[in-house]
Structures are given as C-alpha cells and as structure tokens.
Amino acid sequence: MLIRSRSLATAVAGVLALALTAGCAPGPLEQSDSPSGPVTVDFGSFKGKRMTYLYFTDGPDLDATKAAIGRFEQATGATVELQVVPYAELQRSLQARITGDTVPEVARVQDWHPYAGELLDFTDYFGKSYPDEFTDGAVSTTRDDAGHMYAVPSDQTINGPFVNVDAFAKAGVPVPTATTKWTWPEFVDAASKVAAANDMPSAISVDVSGNRLSTVLSQYGTTLIGADGQEGLDPAKAEQALSMVNDLLQQDKISKDFWLGAGTNYKGGNDAFLAQQAPVYLSGPWQVGAFAKSAPFKWAAVPNPCAAECGGFPGAKMMVAFSRSKEPTLGAAFVQWMNRTENQREIDQAAYWLPTRKDLVASGVQYPTHNEDMNTFISQIDETPAVGFKAISSPAFTGAALALIKEFGKVVAGQESVADCVANLEKEIDQIVKASK
Amino acid sequence: MTGRADAPRRSRFTRRKLVPYLFVLPNMVVFGLFTIWPAINGFNISFYDSANGRTFRPVGTDNYHRILGNDEFWTVARHTIVFVVGFVVASTVLATVLALLLNGQKRGRGALSAAYFLPVVVSPVVVGLIWNAALQRQTGLVNSVVSALGFGQPAWLIDPNLALISVILVGVWVHLGFYTMIMLSGLQSIDSSVNEAATIDGAGTWQKIRLITLPLLRPTTMVVITLATIAGFQAFDFIFTLTGGGPVGATTLIIQYIYENGFTPPIAYGLASAAAVILFLVIFAVTFLNYLVGRRTEAM
Amino acid sequence: MTARLEEPPRVVAPPTTRWASTSGKTPSVGAIARTTVLIVGAIIVVAPLVWAGLSSFKSQAELAAQPPTLYPHDFTFDNYTTGLAAFDFPRYLLNSTIVTVAATLLTLLINSMAAYALAKYNFRGRDLLFLITLSAIMIPLQVILLPIYQVVSSLGMTNSLLGLIIPPAATPTGVFLLRQYMLTLPDETIEAARIDGAGEFRIFWQVVLPLCRPALAVLAIFSVIWRWNDFLWPLIVAQDESVQTLPVAIARFAGQQAIPFSQILAVSVMSIIPVIIVFLILQRHIISGLVKGAVK
C-alpha cells in the first residue's frame, strides 16, 4: 500500500469538504399533509394505461388475485403489472421505492402506518360514506384519527387453532365442535393427551409472532395497546398469560427450540403440524387453502380456548394506493374495484379469505371446501374483545408486537422473570407509542 | 501487503498526462455513482431523522448520542466483537494449518482443495438454511454424530453462548477454503532453498515451520487477517437465515442491528445510518491498525 | 508481497526425498496422519452440503423425524415437482446467467483498466483514488441500500437487468487485487512495446492483459460467485418477475407463509447446483489460479 501522508491529508480534507457540502438535506423536509379535495373517478378513462400492484402472498391467494386482475384489465382496458415480493421484504422494497420515487400505484400491506404521508385518501375518491361499506372492525385498521381512509381492507384474519382430527380419534379425545367453549387447561390437556397417544414430540405448534402471542394476552383480558391508543397492558393479566405460555414452553409442550430458534424472524409452525409433530396448531384461516391441498391427514379448525375472554386476535391485510405514483386515480380505482362485492367474494372463495364487506359478512361466503372450518373462524370474530381491533389499528402496534417477541424470548431463555418482562414491555411500548405520534 | 512504491514511480510516463485518467474513468464513474455518492448521502442522513427514507427532519448529532447511550447497541457491539475476534482467529489458524498440510500433500491435493473450497460458492442465504437444518437439536445432522460419540445433544442454536459459537463456526466453514488458498499461495512463494538449507542444518519439521515458514508467511497472514476482519464485521445474510439473530439477540450483530432500525417498525432510518457510519469508522480503524502492524513486521 | 522480480533466479533443486509417498517407497507415519486429517476434514466440510442434497428427497414427515435419517428412506421427487411447478426455473436461471456473465465481463474490463492506471502510471490523485477504493471495501451494502437505489432510480435503471449488472460492477476488491498483481509486472515489457510504437490502449489490451491472466481468472471466479449469489440488491431492483434472478425468486417462493420447508430446501439445492457444476469443471484452474499467487 503506497499511501503517503500527504495524500492521507488530502483524503481527510476531501472527506471533510464533502461532509460540509452534504450539509444540505438528503431529501424533502417533513411537513404536514396538505389536504386534497374530492377526485372524480371515471372507469372508462383507463384504456391503455398501466399500473403496478405490489403484492405478497401466502400461497393459494395468488391465483385468485391474478384472475381478478384479468377481469379488471378486461373491464377497463388498463394493464396491471403484478409484482410479488416475499412478505419479509415487503417493507424494505416499498421503502426503497419511496426513496427512489418509483412507487407502485397499489400495494398489499399489513399496516399502512409506515407509509403515512405517501398514501391517498379513499374518501377523496369514493365519498365520505365509502368506509361504511366495510365492517367496523376491518375499517378501523385503515383510518387515522381524523377520519382519513388510507387503505381498503381486503381481507380479515382471526387467529385460531387447527387440530389433527385423525390423531384426536386415535387418542380417543373428542374433537371440539364449532360451539365448544373450552378453557386453556382443557385445551392443553387434550393436546397433551393426543400428542402422547400419537408419539408426537410436542402438544401444540404455534407461529412465532407477536400477533399470535397477542391472542393469549387478549384471552386473558389484556392487550399491548389499549382502546385509547396508549400502552394498554394490565400487568397482572399479562403476567398470567405469559407465565402460562412460558410454562408450556418450559415443559416443551410447545417446542422451546422452535421458539428460541426463530430469532426476530417470523417463523411458521405449519411444518410441525403438517409433519404430525404436534396435534394442535395455533394459526389462522390463511392456512386453510394450503392445508386443503397438502395435509396428509384429516384436520379441522376449532374454537379458541378461553380464559377471562374467548375468541382469537384479529389481523388485517389491506390495499393502499400511493399518491405520488404515475397513475394515482387508476390505483384508487383498482383498489375499489377489487373490493367490490362480487370481486371480493370470488377472491375470498378461491383464497379462503374472510370477507371485510358488510354485505358479504351478512350474506356469508360459500367456500368450495372446508366451509365449516371457515365458519368456525368467522364465529371467532364476534367472540374477540373489541379492543383487539383498536389495538391493531394503532400505528404503534407492529413495533409493540416485535418488542413483545423480543422481551418474551428472554423469559423463555431463562434470562428474565415474567414480571420484569411485563415491566420492561410497558416501558418499551410507551416509548414506541410516543415515537409513533 | 507491501507493494513497494518505487515500482510505479520508477516508470514515469508523465508526458501522456490524460491517458491514466481515461483508464480509471469508467470504473470511477460507476464506483462514484453507485458507491461513493450513496455513502456520502448515507453519512449525511445520519444527521437527520426519517421514518420513511424520503422526508427528513434535521436532528444534529442526536442519532449518535442515542446510539452511544443505548444499552442494546453495546450488547450488539459486544457480540460483534466476540464474533469478529473468534472468526478471525479461528479462520486464520485453521487456514494456516490446512495450508501447511495441503502443501505437504502431493497425491489428491487438487481434489482435497476443491472440497475445502466448495462452501465458498454456496449462496449465504442457502448456507443459513442448510446449517439451520443441520444444527437442530433433535433432527440435525450434527447432533446425530455428536450424540453417537457420546456427547449428548447440545442446543447449538438455542443456548445463547453456543449459538454465537455456532455462528462463528458456520462463518469459518464458509470462508475457510478461500483463506486456505491464499495461505497456500503464500507458502508456495517461499523460496524452497531456505527450507532445504535448514534441513541440512538438522532442523526438524516443527522447528522449520516455527522458525522459518511462519515468519516468512507473515505478510500473507496479514492479508488473511485483514480480509477476515472485514468479512467478519459485514457478516449478516447467513446469520439471518441461520438464527435470525436469536436466541434472544445472542447472535444479533451490528449489520442486523442497522437493518432492523432501518427497515422494521418503528423505523429509525437516521439512527441506522449513524450506526453504519460508526461501523465504517471501526472497520477502517481496525484495517489501518492491521496495516501498521503488517508494515512493522515487514520492516523487521 | 515480496517484489518477486528482485528475487534471485531459483536454483533448480534435485528432487528431494521429502515426497517419499509419491516415489514408490512406503509412506511415512507423518504422511499417513496428514492424509487422514485432510480427508476427515474434507468430509466434515462437504457433509452438510451432501446431507442437504439428500434431504431434499425426503418427505416432509421424514425431514422432521427424530433422530434424523442420514439418507432418504422413502425417496420422493415431490418436493421438486411441486416446488418447480410453482416456479419458472428456466427464466430465473437465464436471468441469473445473463446478469452473472455480463456483470463479470464488465467488472473485468473496467477494474483492470483502473488497476492498470493505478499500478503503472504516475498521476495526480492516484494515491487518493486508491485510498478511496480501499476504504470502499469496508462499506457494507446493507447500510447504503436506499441511497444507491435513489441513484439507480434517477437513472431509470430500476426493474431492468442493467440495474443488476452495472451498479455492482466497479468492485473495489477487484481493483485492489489486479493492481497488486500488475505492480509485479516488469515495466521494461511495457517500455519495449512503447518504443515499438504501440498505442497506450493497445499496450494494455495486447501486452498487459495477457500477462494478468491468472489474476483476471481469480477475479472472474469471484465475480461469478458474487453475482450469482447476490440477493439483497437484486431483491430491491428486480421487481418484475421477468427480470428476477434465482436467489430473489427463491426468497419470494420461501416467503409464502404456507410453503413447507421441504420444498424450500429442494429449490435451494437446485439453485446451488449450477455453480457447483461450474466450479467442479473449473476447479483445477480456480485452485491453481488462486494458489499461483494471484491473490496477494
């Protein structure tokens, strides 16, 4: 290396000079949104126009979405480019496109808050009463406090357990029906018996996810974010819930290796359930399509176990349209079209999604198979405490759920007591809520 | 790395003033546009706060204060240092030993070298997937061997201390072949007459290695240490699919920390950039130190 | 790097008795021990790859079996057939090949030109350029991803193969490696060509590059490995399926929440097979290129 001290000095001076010239802002400064007025949408005006739909998929919904896009293209003469990204990379991909000014017209997301300021307000396009077409629970996740509607709920999820019916039969344990009310101890007891009778290593398989863990919190009567949008944990109830889950992990009724091995990644418990390593799987209806195709045994969706409360925990998937895209109006129109009654029904049927439209919820969606299982999930929505829907609509929820997984991991690893975990969580969530304002 | 300055300086072709600039131009345009300018931009962003990477709010040196006052950052820094030191030491020592062995081996050397080099060509993402399966406590390949040897079933990815060791071992597995070939190239440039003279003087194999080969190998060793240090600080992809930074953050290293701040909610893009600047300064300082040490040993 | 030109010409030593094992005599204990250690080590290194390859033929239930099976007891192609049915393998393979080949050629060209100037010319700013290049080896891509994307996007190169080929082409490692090698080339050869009246670029193309073949080969190998395995950057830039490379497509496939691990494993194994084949065909040149002191 031949670097003389003179050129070293030049280099240092150069870097300093660059630092000074770089003193100007790297991009536009933050500012409050300027309200935009109503826009008229003419579905006849899109002929020959192109737009991009950024999408993530759980698998079976992809073909249904493609079919719906085909119908939209035929109806309007526009072209829709469907781009699929892995869910884990959705955030990064969208963020890059926002910084690079190449945003897609429309994207499917799980939380619109990270893109606040970039999204168009659907009430500007389809009127102040447009949100009324959707169920209160679903629509609450798409609006801010001022009533802007920055996303359209495309499908609703609700957490709930699956059971391996064959394994239950072999153990002589009755499979609960759609109306069974069972408690956590009964639930664990049944799962343990079935696992023992079938030589399965764990009783319960579960996705490692803050949303799934929130289900248990909700059943014990508490939640990460309260109805007022503030940190909402009730320490006593949270300790009860987390202690219960921790005990299951320490007894290896839920695989401790699996839980700790996930790190901060989402990790699905579907492999263990499908490989018959556990007779019960806590997940949600998005698994139904894949199980219908590939499960080598008979299975069923059953009601959630109860503690202080019953029901599962909601999740939302929604479609957003970006205001700085090339064709914002086409984007808005596409989102509205995809969520019209007939189109949402067709996608719901093919993808095993739960409807978000009031009319579809009222009339019900007829699924090609496993209709009963889907109805079991739907029945769980009404059982779920309403505060859960409030919680997931908070801009702080995604961050809080990640904090929950991180902090609870320390308990599972034996580095922290449950009480300390809850106390730390309260502090962290409080900060996340403040930062999200 | 020596590269004596006199070689190019002796060839002074200054009359063709423009020519060298034309030669560097294409590379430097691409390099400037896609590396240097973005890096300067990133440096600049570290003085702003941004939740989306598009709009910014100036915050002065707040991001740096927040990082340096953050316990989590220091935990991550500690893990990163343990990883880098473990990785650099293990891969340098193993590469040296392996190169010495291979250098002595005549029959089948090509095939053996190829086997050791094979992991280098595997994509880091796949490396993580494969080792995640192989290191599972109850279903993994490693423990089926380990327990057959009577050592039970260690929780490679679950025990926080073991997990960091696992990550180091997998890192070594990936890079060992490359470093071994570099060491081997160093070994083969050692003048064989020196060794022969020592043999005539009655020196044993171990004496020759310790007193002749290793000192002569020092410049090459410095190259390997430098490369391994940089690779160690930048390790991320395979760790992310191997452990996801777990269990409970035991294998969350600095790049993942930057990634999580920059890309998972709550997004702190400016903070992530500040951490990146700190990382760059640390790598730079360590590399420079390596260079100084390397130069001193050469002068000896 | 010792300046090898200044070394005295080597005395060709008569074959010593050190390589007893190859000369027909009974191998020494040391040689046996060494060979054993090397072979056991090689098995340990290769075993996980072989095991993963075999495991991709196991059923989902067998993959989860405790204790694990060493090889598939009921051999199934299901993971491949279902995995590949959902996966346009030929297209991604083609994209990966185009990107890898084009980026490698570009890298070799511009890196060697820059390295030549840095090694063999004396010009203002040379040391500064070299220092900047060296420092850049230390910048991890992950942390400047968004600023790079901004540049690429303002040049209109997103969502195209060009955006995958050009931005990573100016590798600092390549410039460093080639420059170090070119420093060892004799100036006299270049001077002689100049006296013969050859133009500067012609000297570079016809005299210098052929002399650098071992170093170029090493850089080519690394460029192929880097570009083939690139993940982060293509993931952000290659947005349409039509321009996606294998690693991106695999990540997209594996990112579906309802895909079993057995299929992910099968697709991963398929993605590393092409590089492994190329490597095994070329390994003799790769290893000897590396060892011949190209990396110094």
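Residues numbered from 1 in each chain as written. Chains lettered and ligands numbered in written order. Predicted model: local features only at pLDDT ≥ 70, side-chain atom pairs only at ≥ 80, totals over all residues. Heavy atoms only, no water.

## Digging into the overall build of chain B
Item 1. Across its full length, chain B holds 14 helices and 2 strands.
Item 2. The burial tally for chain B puts 59% of its 300 residues in the buried class.
Item 3. For chain B, contacts bridging at least 24 residues in sequence account for 65% of all contacts bridging at least 6.
Item 4. Total accessible area on chain B is roughly 12000 Å²; 66% of this is exposed by carbon and sulfur atoms.
Item 5. The centroid of the 20 positive side-chain charges in chain B is displaced by 12 Å from the centroid of its 12 negative side-chain charges. (Helix = DSSP H or I, 4+ residues; strand = E, 2+ residues; numbered from the N terminus. Buried < 20%, exposed > 50% of the residue type's maximum accessible area, 1.4 Å probe, protein only. Contact = heavy atoms within 4.5 Å. Areas by Shrake-Rupley, 256 points an atom, 1.4 Å probe, with all protein chains shown as cover. Lys, Arg positive; Asp, Glu negative; His and termini not counted. Charge placed at Lys NZ, Arg CZ, Asp CG, Glu CD.)

## Examining the sheet that holds strand S6 (residues 204–206) of chain A
Sheet strands associate in pairs through backbone hydrogen bonding, adopting either a parallel or an antiparallel arrangement.
All names here are of chain A.
Item 1. An order of S6-S7-S5-S8 is seen for the 4 strands of this open sheet, with the pairing classed as mixed. Lying at the two open borders of the sheet, with one neighbouring strand each, are S6 and strand S8 (299–301). For this sheet, the mean angle separating the axes of adjacent strands, direction not counted, is 20°.
Item 2. Here 3 bridges tie S6 to strand S7 (residues 280–283), and the two strands are oriented parallel to one another. Within S7, the position partnered with Ser205 by the bridge is Tyr281. (Pairing = 2+ DSSP bridges. Axes fitted to C-alpha atoms, helices over the stretch in contact; angles between N-to-C directions.)

## A short note on the interface of chain B and chain C
Item 1. The interface of chain B with chain C comprises 94 residues on the first partner and 97 residues on the second.
Item 2. At the junction of chain B and chain C, the tally comes to 0 salt bridges.
Item 3. The leading source of residues in the side of chain B that touches chain C is helix H2 (residues 19–45) of chain B, at 21 residues.
Item 4. Partitioning the side of chain B that touches chain C into residue classes produces 61 nonpolar, 23 polar and 10 charged. (Salt bridge = Lys/Arg side-chain N within 4 Å of Asp/Glu carboxyl O. Nonpolar A, V, L, I, M, F, W, Y, C, P; charged D, E, K, R; others polar.)

## A short note on the pattern of salt bridges
For side chains bearing opposite charge, pairing can occur when the charged atoms are close.
Item 1. Tallied over the full model, the rule gives 26 salt bridges over all chains.
Item 2. Ionic pairing is found between A:Glu407 and A:Lys410, a salt bridge with its closest N-O pair at 3.4 Å. Remark: A:Lys410 and A:Glu407 occur in helix H18 (residues 397–412); sequence separation between them is 3 residues, near one turn of the helix.
Item 3. Across the pair C:Asp88 and C:Arg91 runs a salt bridge, and its minimum N-O distance is 4.0 Å.
Item 4. Overall, the relative accessible area of 36% leaves C:Asp88 in the partly exposed class.

## Some points on the domain arrangement of chain A
Residue and element names in this part refer to chain A.
Item 1. Looking at chain A, the domain boundaries give domain 1 (43–157 + 316–364) and domain 2 (160–312 + 387–436).
Item 2. Taking only C-alpha atoms into account, the centre of domain 1 sits 29 Å from that of domain 2.
Item 3. At the junction of the two partners, domain 1 supplies 12 residues and domain 2 supplies 12 residues.
Item 4. Here domain 1 meets domain 2 over a buried area of about 1100 Å², counting both sides, of which 68% is carbon and sulfur.
Item 5. If you sort the residues of domain 1 by the area they bury against domain 2, Pro60, His113 and Tyr352 come out on top, with a joint share of 38%.
Item 6. Our count for the contact surface shared by domain 1 and domain 2 stands at 0 salt bridges.
Item 7. The interface formed by domain 1 and domain 2 holds 2 residue pairs in polar contact (both at pLDDT 80 or more) in total.
Item 8. When grouped by side-chain class, the residues that make up the side of domain 1 that touches domain 2 number 4 nonpolar, 6 polar and 2 charged. (Domains from an automatic or database assignment. Buried area = accessible area lost by both parts, 1.4 Å probe. Polar contact = N/O pair within 3.5 Å; in protein donor to acceptor, adjacent residues only side chain to side chain.)

## Comments concerning the nonpolar core
If you look at soluble globular proteins, the nonpolar side chains tend to sit buried side by side.
Item 1. With 249 residues, the main nonpolar core has A:Ile204, A:Leu224, B:Phe83 and B:Phe117 as its most contacted residues.
Item 2. The dominant element in this core, judged by the number of residues it contributes, is helix H8 (residues 160–188) of chain B, at 15 residues.
Item 3. Setting aside chain neighbours within four positions, we find B:Phe83 in contact with B:Leu164, B:Val167, B:Ile168, B:Gly232, B:Ala235, B:Phe238 and B:Leu253.
Item 4. Grouped together as the second largest cluster of nonpolar side chains are 35 residues, A:Ala78, A:Val84, A:Leu120 and A:Phe134 included. (Core = buried A, V, L, I, M, F, W, Y, C linked by side-chain atoms within 4.5 Å.)

## Regarding the pairing of strand S9 (residues 314–321) of chain A
Residues and elements named next belong to chain A.
Item 1. Most of S9 is tucked away: 8 of the 8 residues are buried.
Item 2. Side chains Pro314, Ala316, Met318 and Val320 of S9 all project onto a buried face; the interleaved residues Gly315, Lys317, Met319 and Ala321 project onto the opposite face, where all are buried too.
Item 3. As paired elements, strand S3 (residues 106–109) and S9 share 4 bridges and run antiparallel to each other. Counterpart to Val109 in the pairing with S9 is Met318.

## A closer look at the sheet that holds strand S1 (residues 50–55) of chain A
All names here are of chain A.
Item 1. Read across the sheet, 5 strands follow the order S2-S1-S3-S9-S4 without closing on themselves; strand pairing throughout is mixed. Here the strands that pair on one side only, and so sit at the sheet edges, are strand S2 (79–84) and strand S4 (152–158). Recorded for the sheet is a direction-independent mean angle of 15° between the axes of neighbouring strands.
Item 2. Where helix H3 (residues 87–99) meets the sheet, its contacts fall on S1, S2 and S3, and the angle it forms with S3 comes to roughly 150°.
Item 3. This element, helix H13 (residues 328–338), spans S1, S2, S3, S4 and S9 of the sheet and lies at about 140° to S9.

## A few points about the state of the cysteines
Note: disulfide means a covalent bond formed between the sulfur atoms of two cysteine side chains.
Residues and elements named next belong to chain A.
Item 1. For the structure shown, the criterion picks out 1 disulfide over all chains.
Item 2. In this model, Cys306 is linked to Cys310 through a disulfide, with the two sulfur atoms separated by 2.0 Å. Given an S-S torsion of about 110°, the disulfide between Cys306 and Cys310 has right-handed geometry. Each member of the pair, Cys306 as well as Cys310, is classed as buried. (Disulfide = S-S within 2.5 Å.)

## Some details on the pairing of S4(A)
All names here are of chain A.
Item 1. Of all 7 residues making up S4, 7 are buried, and the element is well covered by its neighbours.
Item 2. Sheet analysis places S4 next to S9, joined by 6 bridges and oriented antiparallel. Opposite Gln156, over in S9, you have Ala316 as the bridge partner.

## Remarks on a nonpolar patch on the surface
Item 1. On the surface, a nonpolar cluster with roughly 650 Å² of combined accessible area is contributed by B:Leu18, B:Tyr21, B:Leu22, B:Leu25, B:Val29, B:Leu33 and C:Leu155.
Item 2. Within the element layout of this structure, B:Val29 appears in helix H2. (Patch = residues over 30% accessible without salt bridge, like charges linked within 9 Å, V, L, I, M, F, W, Y side chains within 5 Å.)

## Description of the packing of aromatic side chains
All names here are of chain B.
Item 1. Inspection of every chain in the model, using the stated rule, returns 55 aromatic pairs over all chains.
Item 2. When the centroid spacing of 5.3 Å and the interplanar angle of 75° are considered together, the rings of Trp131 and Trp173 count as edge-to-face. Taken together, the positions of Trp131 in helix H6 (residues 124–134) and Trp173 in helix H8 put the pair 42 residues apart, joining distant regions of the chain.
Item 3. Overall, Trp131 belongs to the buried group, its relative accessible area being 10%. (Phe/Tyr/Trp six-rings, centres within 6.5 Å; stacked < 30°, edge-to-face > 60°.)

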